[in-house]
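Results of the structural survey
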Amino acid sequence: MNSSSFYRTLEGALRLRGASIEDICPNDDPVARRVLHDYGAMFVGADVVMPPPCCVFTNEDQVAIFQKEAGLMPATIGEDVIELQPAAMSALLQARAIARAERLDISPRDGAEAARRSYADTVRLWNSRFLPALDYWSSAGRLSETQAERLRNLPVAEQVPEVLELEQEGIFFSKDLSKSVLYSIATPGTSQHIAMLAFDANEFGDRRIRSILAQHGWFQTVLSDLPHFTFLGLAEEELSRRGLKNVEVDGQRFWIPDVE
């Protein structure tokens, strides 16, 4: 068992829910563990939210059952209807009210997709990175046509580990082909948006907006995904005690799992 502060905190939180780390994220599943390390902040949030029962959902039915149990609250922001877990939505609307009082705004990036997503949404977004990257690396000679075709025809669950292996060789699948696909889009069934605890904000570059969101429990927790905020429902001074560490990227502060 990893002895890092994040794992110790997560183990304690799961014990209170009658579960273990192995239950949500099997130790022999390297993709699930990688996801836990990159997206796992949502598992150590406040008790007002429901974290997913697993690191990787494998189908639409699993996602639908979880989202129904967690509950969702819709809200119209501008012309878009977004959905989040109730505590997350209440905090977001409170933050937006304060921002608007200061003649600022907090608005969804890419419409409804800025918040709740379905399993099918995550597959579609995966393909928006995966398929163009296959074409690029094939034309660049880093992948043969045979390799690319085999990868294209694999089930999604088998594509992911192979992509992560290729990225170890510098064959990256992010939108700009310069970094891991996990810093560009979540792999199918793993997104914090499925948990309804994530919101992509147009105004992510405004320090004042980031501060207002943080005051209401919303933090950036996925490195390099600048518009992406995660509802943890905690004060910032509590985050390090929850096994998260502070990392600065491009002048913005991220709170990510502190794993060894």
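Summary of the structure given here. Just so it is clear, the model here is predicted, and its values are computed rather than measured. For every chain, the first residue of its written sequence is number 1, and the numbers climb from 1 along that sequence. A pLDDT threshold of at least 70 governs which residues receive local features in this predicted model, and a stricter bar of 80 or more applies before side-chain atom pairs are shown or counted, although totals over entire chains, interfaces and linings include all residues. Excluding hydrogens and water, the side-chain figures rest on all heavy atoms present in the structure.

Looking now at the environment of Leu 223. Looking at the secondary structure, you find Leu 223 in the loop between strand S4 (218–219) and strand S5 (228–231). Sequence spacing of Leu 223 and Ile 212 is eleven residues, and the spatial spacing of their C-alpha atoms is 20 Å. Comment: elements are numbered from the N terminus, with helices defined as DSSP H or I runs of at least four residues and strands as E runs of at least two.

Whenever a carboxyl oxygen of Asp or Glu lies within 4 Å of a side-chain nitrogen of Lys or Arg, that contact is scored as a salt bridge. Following the criterion strictly, the structure yields 14 salt bridges and no others. Linking Arg 96 and Asp 105 is a salt bridge whose minimum nitrogen-to-oxygen distance equals 3.0 Å. Arg 124 serves as the salt-bridge partner of Glu 113, at 2.5 Å between the closest nitrogen and oxygen. Of the two residues, Glu 113 is situated in the loop between helix H5 (86–101) and helix H6 (119–139) and Arg 124 in helix H6; the sequence distance between them amounts to eleven residues. Via salt bridges that share partners, Arg 96, Arg 100 and Asp 105 belong to a single interconnected network.

Aromatic rings from Phe, Tyr and Trp, with only the six-membered ring used for Trp, were paired whenever their centres fell within 6.5 Å, and each pair was classed as stacked if the ring planes differed by under 30 degrees, edge-to-face if by over 60, and tilted otherwise. Tallied over the entire structure, the rule returns seven aromatic pairs. Aromatic pair Phe 130 and Phe 173: ring centres 5.9 Å apart, planes at 20°, arrangement stacked. With Phe 130 in helix H6 and Phe 173 in the loop between helix H8 (156–167) and strand S3 (198–200), this pair connects stretches of sequence that are 43 residues apart. You can call Phe 130 buried: its relative accessible area is 1%. Note on Phe 199 and Trp 218: the rings are 6.4 Å apart at their centroids and 70° apart in plane angle, and the pair reads as edge-to-face. Residue Phe 199 is located in strand S3, and its partner Trp 218 is located in strand S4; the two are separated by 19 residues in the primary sequence. Per residue, the accessibility class of Phe 199 equals that of Trp 218, and both read buried. Here the aromatic cluster, defined as three or more aromatic residues joined through ring pairs, consists of Trp 126, Phe 130 and Phe 173. For the exposure calls, accessible area comes from a 1.4 Å probe over protein chains only, and a residue counts as buried if that area is under 20% of its type's maximum, exposed if over 50%, partly exposed in between.

Turning next to the nonpolar core. Residues belong to a common nonpolar core when they are buried Ala, Val, Leu, Ile, Met, Phe, Trp, Tyr or Cys residues joined through side-chain atoms within 4.5 Å. In this structure, Leu 36, Leu 92, Phe 199 and Trp 218 are the most contacted members of the largest nonpolar core, which totals 61 residues. With six residues, H5 is the largest single contributor of residues to this core. Here Leu 36 is in contact with Phe 6, Tyr 7, Leu 10, Ile 21, Cys 25, Phe 43, Cys 55 and Pro 257, once residues within four sequence places are set aside. Leu 125, Ala 148, Leu 166 and Val 222 belong to the second-largest nonpolar core, a separate cluster that totals 24 residues. Residues are treated as being in contact if the distance between any of their heavy atoms lies within 4.5 Å.

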